[in-house]
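# Notes for the structure review
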Amino acid sequence: MKKILIVESPNKAREISRMKLGVVPKATFGHIVDLPPDTMGMEIRPDKVFFVLEPLKNKKKTIAELKKACKGNIVYLASDPDREGEAIAWHVYREIKKVAKEVHRVDIHAITKAEIEKSLKNSRNINESRVEAQVARRLTDRWIGYVLSPMASRELKKRVSIGRTQTAGLRLVYDREMAIKKFVPEPLWKIKLDNGKDEFLSGIFKKEEEAKKLFDLLKSGVFVTGIEKKNEKKNPPAPLTASSMQQRCASFKWNAKKTMSVAQSLFEKGLISYHRTDSVRLSDETLNKLQNYLKKKHPELLSDKPVKHKNKNRTQDAHEAIHPIHLDKKHEPERLALPSDEKALYGVVWNSALASQAKPSVYEVVTVKAGNDSAPEALKAVGRKRIFDGWERFVKAQKDKEISEYRKGQKIDGKLSIEKSFTVPPPRYDDGSFIKALESNGIGRPSTYASIQETLFKRNYVKKEKGKYTLTDLGEQVVRWAIERYPEIADVKFTAKLEEMLDAVELGEEEWENVVRQVDGIIKKRKADEIRLKR
């Protein structure tokens, strides 16, 4: 009798096979079953939601091989520890349950011998609520796509697609584009005194006459009227989540898909923890490793006690934040022989994890106020100088902006002027800011950001100009159609509500069928004869 360990990725299976764990690794190569590709595959009745799953055309051989390998043996289902992975585990279980002697579900959060041995000793049952959340997500996506995409295509007379998250993501780009087009610049004024070393600035005025009034008051002379010095602390940022990692890697000019692909490779090599996470929590074991490493290498930066960052209210806490698996000299970024992309991302993960546990950085902030008896604190200049690195030793920190020495009552000679500027429109999204907008608006989850990005560009709804997202004519037609015909589907808040419902299903607080019925109720607002479905 053998022990069979089933994972999703063949690369992961090969890595595990080298560890001599007494298990035989097998790979599913991703999903093995899905809704039928050519028909709806689901039906919503008043009392029940029905759906049909069938083997993917290219996975029949894989399923047969898995059944053969599992026959009479103990099986451990080790697909990824998230909703999609849980659904894959359930799909495999349905195929092998009659032939396997035993079937267990295990969570592998890192591809190391110790982690896998630990997971094999702590098996569990398949999480039905997590599976149901994935089922609800898949069915709502199918229902929207199969009903609204053909309808939009007919009415727009071109092949287009409507989707639960892609259309909401497109709405963000559309709203930003409309805000830019409607934007009317407004003039602003401020007073500036430049003495060749520092710039003393007033507040912003919306009326020119108010700026001129202050300017006239200051023409008689400007003096230092006050000096404030204080230290400001900047607390360490949380360790990386999938979203913050994608945003950070946008500085490499990587989109979300590339970031997650490189992270997947590092995960499969056993160098970083599971990367599809939205939690900033670190386990006590990981915290101890980070603290010990800092104590040896950077004792002056070590925080007095482990820093425990807080998750957002509804964050799923099944996984830790992204962190290096090994925290020792051998695994320091500069010592590992990795491809350039992997080395770059590994460095980001390494430094972010260490930064999360370091002491706050400290800045000396000097504010010099200036004016005269008629306007004693009309102007000010601010200098910032970092006096303790803290966590910023591990990341690219902001540059110091030091200020000259001044004494109270000192006259400041220099050029006094009225500066005119204009308000600017909101900037177009780039890869990083778009992911941040998806997250802040509750559209999708970190594991889906890459597919949202990819779909918008692949379907030519959005294009890039100098790295910025620009709405195409086709994209505008599609989103306008959705806003006019099915405003909820194009409503960012409604999409966020569905995501919250899916989270509630996973937590066992909501019935999965209710999520599907939410979407069905919207679609049924139109007459039944306007909806032609292939069943």
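Throughout, a residue's number is its position along its own chain's written sequence, starting from 1. The predicted nature of this model means local features are confined to residues of pLDDT at least 70 and side-chain atom pairs, given and counted, to a pLDDT of 80 or more, with totals for whole chains, interfaces and linings taken over all residues. The side-chain numbers reported here are obtained from all heavy atoms of the structure, hydrogens and water having been left aside.

## A closer look at the overall build of the protein
Looking only at helices and strands, the protein features 16 helices and 16 strands. With the C-alpha coordinates of the protein rotated into their principal frame, the extents come out at 95 × 65 × 40 Å. Think of it in three bands: residues with accessible area under 20% of the maximum for their type are buried, residues over 50% are exposed, and the middle band is partly exposed, with areas taken using a 1.4 Å probe on protein chains only. The 535 residues of the protein split such that 50% are buried. Excluding contacts between residues fewer than 6 apart, the proportion of contacts in the protein whose partners are at least 24 apart in sequence is 74%. Where the 107 positive side-chain charges of the protein centre and where its 77 negative ones centre are 3 Å apart. A run of DSSP states H or I qualifies as a helix once it reaches four residues; a run of E qualifies as a strand once it reaches two. Both are numbered from the N-terminal end. Any two residues whose heavy atoms approach within 4.5 Å are treated as being in contact. Counted as positive: Lys and Arg. Counted as negative: Asp and Glu. His and the chain ends are not counted at all. To locate a charge, take NZ of a lysine, CZ of an arginine, CG of an aspartate or CD of a glutamate.

## What about the nonpolar core?
Put simply, buried Ala, Val, Leu, Ile, Met, Phe, Trp, Tyr and Cys residues joined by side-chain atoms within 4.5 Å make one nonpolar core. Formed by 60 residues in total, the largest nonpolar core has its most connected members in L148 and F434. No other element matches the 12 residues that helix α5 (residues 128-156) contributes to this core. Non-local contacts of F434, meaning those with residues more than four positions away in its chain, are made with G169, L172, V173, Y429, I452, Q453, L456 and Y469. Listed in part, the 52 residues of the second largest apolar core include V23, C249, L294 and L327.

## Examining the pairing of strand β1 (residues 3-7)
Of all five residues making up β1, four are buried, and the element is well covered by its neighbours. Pairing between β1 and strand β2 (residues 24-27): four bridges, direction parallel. Its bridge partner being in β2, I6 is matched across the sheet by K26. If you view a crossover with the strands going away from you and the path from the first strand over the helix to the second runs clockwise, you call it right-handed. Note on the crossover from β1 through helix α1 (residues 10-17) to β2: the handedness is right-handed. What makes two strands pair is DSSP finding at least two bridges between them.

## A closer look at helix α8 (residues 242-249)
Inspection of α8 places A242, S243, M245, Q246 and C249 among the buried residues, and these make up the whole buried set. Taken down its axis, α8 places every buried residue within 165° of arc, on the same side. Buried positions along α8 lie against α9 (256-268), α11 (340-356), α12 (431-440) and α13 (449-458). Think of it as the arc spanned by the lines of direction from the helix axis to the C-beta atoms.

## Quick look at the environment of A168
Examined against the element boundaries, A168 turns out to sit in helix α6 (residues 164-182). For the pair A168 and V479, spaced 311 residues apart in the sequence, the C-alpha separation amounts to 8.7 Å.

## Things to note about the pattern of salt bridges
A pair is scored as a salt bridge if a Lys or Arg side-chain nitrogen falls within 4 Å of a carboxyl oxygen belonging to Asp or Glu. With the rule as written, the count across this model stands at 48 salt bridges. Put simply, E300 and R393 hold a salt bridge, and the shortest N to O gap is 2.5 Å. Placement of the pair is E300 in the loop between α10 (284-297) and α11 and R393 in the loop between β13 (379-388) and β14 (415-422), with a sequence separation of 93 residues. Look at R393 and you get partly exposed, because its relative accessible area is 38%.

## What about unusual backbone geometry?
Within the chain, K253 stands out as a residue other than glycine whose phi angle is a positive 65°. Within the element layout of this structure, K253 appears in the loop between α8 and α9.

## Looking at the side chain of S202
With respect to the helices, strands and loops of the structure, S202 is situated in the loop between β10 (199-201) and α7 (208-218). Judged by relative accessible area, which is 11%, S202 ranks as buried. N or O atoms closer than or at 3.5 Å make up a polar contact, with two conditions inside protein: a donor-capable atom paired with an acceptor-capable one, and, for residues adjacent in sequence, both atoms drawn from side chains. Reaching out from S202, the side chain makes a polar contact with the backbone nitrogen of I191 at a distance of 2.8 Å. Other than its neighbours up to four places away in sequence, S202 contacts K190, I191, L214, A378 and L379.

## Quick look at the sheet that holds strand β8 (residues 102-105)
Overall, parallel pairing links the four strands, which are arranged β2-β1-β7-β8 in an open sheet. Lying at the two open borders of the sheet, with one neighbouring strand each, are β2 and β8. Strand-to-strand twist of the sheet, defined as the mean angle between neighbouring strand axes without regard to direction, takes the value 25°. Every axis in this analysis is a line fitted to C-alpha atoms, fitted for helices over the stretch in contact. Angles between the N-to-C directions lie between 0 and 180 degrees.

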